[in-house]
Amino acid sequence: MVVPERRRPEAAPLSISVDRSDPDAPLIKVAGDLAFTTAGPLRAEVGRLLADRPPALVLDFGQLLFIDSTGLSVIVHAWREGQQSGTAIRLRDTPRFLETILDMTGVTGLLARPRPHARPELPGAGSAPGTSASA
């Protein structure tokens, strides 16, 4: 009996498109596989956009099919660079598998941290000092 050789499926190519129509929150749409062999162009585009120091950078993962640790590192790198430049990194249309990975690795918590240059929200804004508004 001859057992056919199992071939690993080829990675889906990564496709990125950039929408700069909102200069305060440029948008990068990511489609395909974000992996070791495909992550370079996204990392470079994130760097180019962060160089302009926008208030926010939006990463749309609505068409993402797969992500590995290198792809995840691009998101963490974007967050780290955004923290240094005062840019919030926002994820949009994250597939369930990506939400799970972000939660399991703690990246969700990183993304939720306020920017160092952002003014913290004060609880009970408008109330007397030392008091807080309750719902």
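Everything below is about the structure shown above.
Since the structure is predicted, the reported quantities are computational estimates derived from the model, not experimental observations. (Residues numbered from 1 in each chain as written. Predicted model: local features only at pLDDT ≥ 70, side-chain atom pairs only at ≥ 80, totals over all residues. Heavy atoms only, no water.)

Draft legend 1. Structural detail: the pattern of salt bridges. If you walk through the whole model with that rule in mind, you get three salt bridges. In this structure, the salt-bridge partner of E45 is R20, at a minimum N-O distance of 3.0 Å. Placement of E45 in helix α1 (residues 40-50) and of R20 in the loop between β1 (15-19) and β2 (27-34) is noted, with a sequence separation of 25 residues between them. What makes E45 buried here is its relative accessible area of 8%. Ionic pairing is found between R92 and D60, a salt bridge with its closest N-O pair at 2.8 Å. Here R92 is found in strand β4 (residues 88-92), whereas its partner D60 is found in strand β3 (residues 56-67), with 32 residues between them in sequence. (Salt bridge = Lys/Arg side-chain N within 4 Å of Asp/Glu carboxyl O. Helix = DSSP H or I, 4+ residues; strand = E, 2+ residues; numbered from the N terminus. Buried < 20%, exposed > 50% of the residue type's maximum accessible area, 1.4 Å probe, protein only.)

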